[in-house]
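# Descriptive analysis of the structure
Here is how the chains run, residue by residue.
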Amino acid sequence: MQVSLTRINKRFGSVQVLKDVDLVFPSRKFVTLLGPSGCGKTTLLRMIAGLEDITAGSIRFGEREVNKLAPRDRNIAMVFQSYALYPQMSVRRNLGYGLRVRGTPKADIEEAVGRVARILEIDHLLDRKPAQLSGGQRQRVALGRAMVRKPDIFLMDEPLSNLDAKLRVTMRGELRRFHLDLDATTIYVTHDQLEAMTMSDLIAVMHQGVVQQFGTPAEVYSQPANVFVAGFIGSPPMNFLPGTIDAGRFTFADAKLPLPALPGGVKPAHAAILGVRPQDLIFEGTPAADTLTGTISLVELLGSEKLVEVNLSGQKRMSVQIHADMVVNMGDRVHVKFDPQRVHVFDTESGRSLRAG
Amino acid sequence: MSRLNFLSSDRFVGLVFIAPFVVTALVFMVYPIAEAVRMSFFSYNPLRPDLTSFVGLANFEFVFSDPLFWDSFRQATIWTLLSIVFQTVFGVSIALLLHRALFGMAFFRGLLLFPYIVPTVVIALIWRWIFNPEIGVVNHFLLWVGLINEPVYWLSTPTMAMASTIMLNVWKYTPFVVICVLARLQTVPLELYDAAKVDGAGVIRRFLDVTLPQLREVLIVVIVFRTIWTFNKFEEIYLLTKGGPGTSTFNLAVYSFEQSMANLRVGVGAAAGVVMMIMLLVGSIVYLRIAGFGSEEK
């Protein structure tokens, strides 16, 4: 089921939390709404669920507008951050609740609950109460409650954020697998860019109620539309240097750095921000016109890599990711270089990428 | 351990902190209860203390063979049961209403405490005026609306007197139920309601499957407390009807008071008090067991 949002606006009193959101979630895709807290992603999800009124705009499931439909009539299922299991009911009754409310015959409920419990490997927990389950088990029950009704659309509101780091990694893979088995459209809300990158077919990056970019994980990573997306996606985060563009070169302090082609159009002495990921920087033996010189102020071992912080002139810092075997010491003077094809250039005023047309 | 060490230890500080309560409890609770139990085995007339004598279980025998005691017990049960039912139903309903974020609710929440904070004596006097057959506002209003054709003798017929005392009790203590329930309602996770909505539950099912189970524990506690306090209640009945007309609104507290103070048979009054205490103790334990209080994990 395709979900289309057209010019969606949401206001809480005088606060505008969503501004003209236009998104199309293609049928059977796993789409993530990604953004920092307060960006409006959960509100948008709740509006799709019918739990929140729409101030303006239209939500359509397939061809049908659902603006006025109650949640129960939308054939959706939702997994909540706190799982929201009914504490007085056994796992079995929690799983079957949605079917029971809809008057499904008892035998069919048993059958559906059994099927979902087997898929999620929670059939041995059916007679327990939620309080007797671990976090991961509760998560599975919440997932099962959503799956049992065979919904057209799956809504998930940060379902992994209450799990410990290791379990989160396992569940990421499982959620992705369930999505592929279920044949439903999944809309997933998270502030964790790693979750978004690993699980999604498409990511909508949101900030201050506005969709900043909508694309595949590879697109938002390698072609960020603006400074916000560039800074939010990727770990460790991208380095930004303020400067000006003159005659095809980026001027920062004394350095004149090479740039890629900029179809975005450049004025003389154009104020711009250069963005480059720590992975795309290398150390050079000798200084040159296209290198930046600085002093190493911090070295962090990440395992197979080291993250090196370099103090440049003008109080700017840059992080450089290098192989763990490379020997560097704090206080070393180093020269940093990058491939011009791997940098991002943004207009200082609008924040928009100058690499896009 | 040296003396100085003990004085600065956590143990000593802890003892100092609980001491005021322990002393108060001993003086005002344990001693009177013990004294009442002792008294229940003696024949004691405050005007002739020289005739005080140990009578064994004679006071209890008297109490159990006294028809008035059993009438009082029956009336106390009716009065308690009806008071609690109405208080709970009204309390939960009002709490659900006040829980909604409607305009002016803060004002009503404040107003709600009014019956609870006004002294019972004042309330009883006001209610005696309100229920007065000739000049009371209740009759005046009902006659004016046309619901009744002649004045109702609210406090002068047994049934009406019982109904009036129940009404007073319900009016005064419903706010207690409202406050407890409201406090609990505010802690019910909103995501549970959202989950129920997505699952397809309507308003009634959401109340039955989300709200009510969450209120279970608080209602169990409230009902126990209200039952104990209502069964024991003395001043409301005494101030409103003095147990009358006749003995039709006697409960065990009034019975005990009348035996001790009017009939000067303090031993019998004490025995009635002891019986009442045991009844409440056993009743409460059985009720909490049946309700399964505390047995369920959160």
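Residues numbered from 1 in each chain as written. Chains lettered and ligands numbered in written order. Predicted model: local features only at pLDDT ≥ 70, side-chain atom pairs only at ≥ 80, totals over all residues.

## A look at unusual backbone geometry
Where the residue is not glycine, phi is negative for most of them; where a peptide bond is considered, it is trans in most cases. All names here are of chain A. Cis peptide bonds are those with omega within 30 degrees of zero, and the linkage from serine 235 to proline 236 qualifies with -5 degrees. Here proline 236 lies in the loop between α8 (227-232) and β11 (239-246). The phi dihedral of lysine 150 is positive, around 50 degrees, even though this residue is not glycine. For glutamate 158, which is not glycine, the phi torsion reads 45 degrees and is therefore positive. (Helix = DSSP H or I, 4+ residues; strand = E, 2+ residues; numbered from the N terminus.)

## Focus on the domain arrangement of chain A
One frequently used descriptor of interface size is the decrease in accessible area upon assembly of the parts. Residue and element names in this part refer to chain A. Once the domains are mapped, chain A shows domain 1 (3-231) and domain 2 (237-347). A straight line from the C-alpha centre of domain 1 to that of domain 2 covers 39 Å. Each partner contributes residues to the interface: domain 1 has 5 residues there, and domain 2 has 6 residues. (Domains from an automatic or database assignment. Contact = placed C-beta atoms within 7 Å.)

## Topic: the pairing of strand β19 (residues 333-338) of chain A
Residue and element names in this part refer to chain A. Here strand β15 (residues 281-284) pairs with β19 via 4 bridges, running antiparallel. Looking at the pairing, phenylalanine 283 lines up with valine 336 of β19. Here strand β16 (residues 292-301) runs beside β19; their pairing, made up of 4 bridges, is antiparallel. Looking across to β19, one finds that glycine 294 is bridged to valine 334. (Pairing = 2+ DSSP bridges.)

## Digging into the packing of helix α4 (residues 67-99) of chain B against helix α13 (residues 252-262) of chain B
All names here are of chain B. Orientation of α4 relative to α13, taken along the N-to-C sense of each, is 145 degrees, at an axis distance of 8 Å. Two secondary-structure elements touch here, α4 through Leu68, Phe69, Ser72, Phe73 and Ala76 and α13 through Leu252, Val254 and Tyr255. For the contact of α4 with α13, the class distribution of residues is 7 nonpolar, 1 polar and no charged. (Axes fitted to C-alpha atoms, helices over the stretch in contact; angles between N-to-C directions. Nonpolar A, V, L, I, M, F, W, Y, C, P; charged D, E, K, R; others polar.)

## Quick word on the pairing of strand β10 (residues 210-215) of chain A
Residue and element names in this part refer to chain A. Two elements, strand β9 (residues 202-207) and β10, share 5 bridges in a ladder whose sense is antiparallel. In the strand pairing of β10, histidine 207 is matched with valine 210. In textbook terms, the turn of a hairpin is the stretch between consecutive antiparallel strands, and for β9 and β10 this stretch comprises 2 residues, one of which, glutamine 208, has a positive phi near 50 degrees.

## Some details on the nonpolar core
As a rule of thumb, soluble globular proteins bury nonpolar side chains together. By size, the foremost hydrophobic cluster in this structure holds 101 residues, and its most contacted members are A:Ile48, A:Met78, A:Leu155, A:Ile187, A:Ala204, A:Val205 and A:Leu274. Both of domain 1 (3-231) and domain 2 (237-347) of chain A provide at least three residues apiece to this core. (Core = buried A, V, L, I, M, F, W, Y, C linked by C-beta atoms within 7 Å. Buried ≥ 20, exposed ≤ 12 C-beta atoms within 10 Å, placed from the backbone.)

## Quick look at the sheet that holds strand β14 (residues 270-276) of chain A
Residue and element names in this part refer to chain A. Taken together, the 5 strands give an open sheet; going across it, the order is β13-β12-β11-β14-β20, and neighbouring strands pair in antiparallel fashion. A strand with exactly one partner marks an edge of an open sheet, and here the two such strands are β13 (255-258) and β20 (344-347). Sheet twist, expressed as the average angle between the axes of neighbouring strands with direction ignored, equals 40 degrees. Pairing between β11 and β14: 7 bridges, direction antiparallel. Note on β14: the bridge partner recorded for threonine 244 is alanine 271.

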